[in-house]
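# Architecture at a glance
Now for the letters of each chain:
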Amino acid sequence: MKQKAKILYVEDDPSSERLVCRILQAEGFEVVTASDGLTAIETAKKELPDLILMDINISGLDGYEVTTRLRTMDDLSLVPIVAVTAATLSGDRERALIAGCTGYIPKPIDVDAFPDKIRSFLEGTREEIKSPEEKAEYLVEYSHRLVDRLEGKIRELEKSNTELQKLDRMKTDFIIIAGHELRTPLTAIYGYAQILQANPELSGSPDEAGSPGFIVQKMTEATWRLNQVVGDILNVSLIDANKLDLSMGPVRLHSLVRQAMEDIKRIGADRELFFNVTGTEDLPIIIGDSKKLYQALWNIITNAVKYTPDGGTIEIRGKTIDDAVQIAVKDSGIGIEPEDQEHIFDRFYILHDTSLHRSSKTAFKGGGLGVGLTVARGIVEAHGGRIWAESKGRDEEKLPGSTFHILLPIGNVPTEAS
Ligand code: ADP
């Protein structure tokens, strides 16, 4: 035996790793470690240890599979591999030997006997399954287990591959739509600016189409829209990175709802929808970020407008439940299929065909960036609240409608005296 034998210890539990390393180093062994299956294989190839101590229950490839793999490598086919594991099932020892281990040490480790056991494996001790029948039985069991695990892993990979492809498609769609969403107001601003530049003598009252006041109003609306799109993009990236900063203060939700009603009337003047607001006036003041909560509410209300045809109704109801307030936005629109009701909050999730995308915040089925609900959820959750959708399904004829609920904790509102 060499002066200082090198031992590779494969273990994913840090406290076991520390204990065993300490015992082995105190006995003069050199110890290298790995905490998962693939790293164990790489480290074994690089370090060529004199013995490998293998915890069986490690992540990725487990200890049995790593052992079987190491046995196929020329440099490592003969190195002693000793399984170390908490004995949970009968036959663990036999399974370890069938996979290619030289021996088996159950956990918890007997600290006094452990160094001698390691030395004896280094000197050539090999454990064996005596009965050939038993050996054959365990071999069959092991090969079935390998095939089962392989099948499971392939299924996992196929699932994540499908998800990645979907995400990739969503990102491409997002880029196309974001370009479109930015270009629509930009084109309007540029067009109106050109009219102003070419006609410095324009005159007329602001309600006259083509007057300077009218043009400036249109440019202001387009700039506002541009600002909303950029805000949505920025917010979604902040939410993604968990970096949404809230500037907290007292918030009167009724004022936010009223403001949203005014803004909707301003930008969606041509839509024939009936709004019915109840219960928000009596809502208590809550602690939150007023601007961000407005944005969340705005995204939900403009969706209700977008997905409800003319003649429809949008109801906004407020109520207090214990130490939280709940706002429900109920529309009589096209509805949402039950299987989509959770996904619509995912970023870039758009149910319509993106090639038919129409940029509008208020037109019926006018498209958006597919991040409005992601932003709304991020904001509500950053306040410790919850947001969810309810609908019987999607039907553009029967119009089952959708309801979006926002639940927000009231928070510690300072009393006037304080
Ligand atoms: P978008 O910018 O496309 O509106 P959102 O994140 O706001 O993105 O919404 C995601 C999807 O959820 C929408 O494309 C739409 O299909 C669906 N959706 C949202 N609100 C409603 C609603 N009130 N009624 C029907 N469908 C809705």
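Since the structure is predicted, the reported quantities are computational estimates derived from the model, not experimental observations.

Our focus in this paragraph is helix H10 (residues 372–382). Where burial is concerned, most of H10 is hidden: eight out of the eleven residues are buried. Buried residues of H10: Gly372, Leu373, Thr374, Val375, Ala376, Gly378, Ile379 and Val380, and no others. Where H10 is buried, its residues contact helix H7 (212–240), helix H9 (290–306), strand S11 (386–391) and strand S12 (402–409). Positive phi shows up at Gly384, right after H10, with a value of about 80°.

Let us now look at the site of the ligand. Contacts to the ligand come from 19 residues, most closely from Asn303, Lys306, Asp331, Gly370 and Leu373. A distance of 2.9 Å separates an oxygen atom of the ligand from a polar backbone atom of Leu373. Alone, the ligand offers 530 Å² of accessible surface; in the complex the protein occludes 98% of this. Elements with a contribution of two residues or more to the shell around the ligand: H9, H10 and S12. If one sorts the elements of the shell around the ligand by residue count, H9 sits on top with three residues. Within the shell around the ligand, the residues separate by chemical class into eleven nonpolar, six polar and two charged.

Moving on, we come to helix H5 (residues 114–122). Note that an α-helix has 3.6 residues per turn; residues three or four places apart therefore point the same way. Within the span of H5, buried status applies to Phe114, Pro115, Ile118, Phe121 and Leu122. Looking straight down H5, one finds its buried side chains confined to an arc of 125°; they lie on one side. Packing partners of the buried residues in H5 comprise strand S1 (6–10), helix H1 (14–26), strand S3 (51–55), strand S4 (81–86) and strand S5 (103–107).

Moving on, we come to the sheet that holds S4. Pairing within the open sheet is parallel, and its five strands lie in the order S2-S1-S3-S4-S5. Strand pairing shows two members of the sheet lacking a second neighbour, strand S2 (30–34) and S5, which therefore form its edges. The mean angle between the axes of side-by-side strands here comes to 20°, regardless of whether they run parallel or antiparallel. With four bridges connecting them, S3 and S4 associate as parallel partners. Counterpart to Met54 in the pairing with S4 is Ala83.

Before going further, it helps to examine the packing of H9 against H10. Here H9 crosses H10 at 145°, and the two axes come no closer than 9 Å. As H9 runs across H10, the sense of the crossing is left-handed. Residue-level inspection shows Lys292, Leu293, Gln295, Ala296, Asn299, Ile300 and Asn303 of H9 in contact with H10, the latter providing Gly372, Leu373, Val375, Ala376, Ile379 and Val380. Residue composition of the contact of H9 with H10, by class: eight nonpolar, four polar and one charged.

Attention now goes to the sheet that holds strand S7 (residues 274–278). Two modes of strand pairing occur in sheets, parallel and antiparallel, and in both the strands are linked by backbone hydrogen bonds. Read across the sheet, five strands follow the order S7-S9-S10-S12-S11 without closing on themselves; strand pairing throughout is mixed. Each edge of the open sheet carries a strand with a single partner, namely S7 and S11. Across the sheet, the mean angle from the axis of one strand to that of its neighbour is 15°, orientation sign disregarded. Relative to strand S10 (residues 324–331), strand S9 (residues 313–321) runs antiparallel, the two sharing eight bridges. For Ile316, the partnering residue across the bridge sits in S10 and is Val329. In the packing of helix H8 (residues 253–267) onto the sheet, the strands contacted are S7, S9, S10 and S12, and the crossing angle to S7 comes to about 170°.

Time to look at the domain arrangement of the chain. Examined at the domain level, the chain breaks down into domain 1 (6–128), domain 2 (165–240) and domain 3 (249–409). If you average the C-alpha positions of domain 1 and of domain 2, the two centres end up 65 Å apart.

Calculation notes
Residues numbered from 1 in each chain as written. Predicted model: local features only at pLDDT ≥ 70, side-chain atom pairs only at ≥ 80, totals over all residues. Heavy atoms only, no water. Buried < 20%, exposed > 50% of the residue type's maximum accessible area, 1.4 Å probe, protein only. Helix = DSSP H or I, 4+ residues; strand = E, 2+ residues; numbered from the N terminus. Contact = heavy atoms within 4.5 Å. Near = heavy atom within 4 Å. Polar contact = N/O pair within 3.5 Å; in protein donor to acceptor, adjacent residues only side chain to side chain. Areas by Shrake-Rupley, 256 points an atom, 1.4 Å probe, with all protein chains shown as cover. Nonpolar A, V, L, I, M, F, W, Y, C, P; charged D, E, K, R; others polar. Arc of directions from axis to C-beta. Pairing = 2+ DSSP bridges. Axes fitted to C-alpha atoms, helices over the stretch in contact; angles between N-to-C directions. Left-handed = near helix turned anticlockwise from the far one by under 90°. Domains from an automatic or database assignment.

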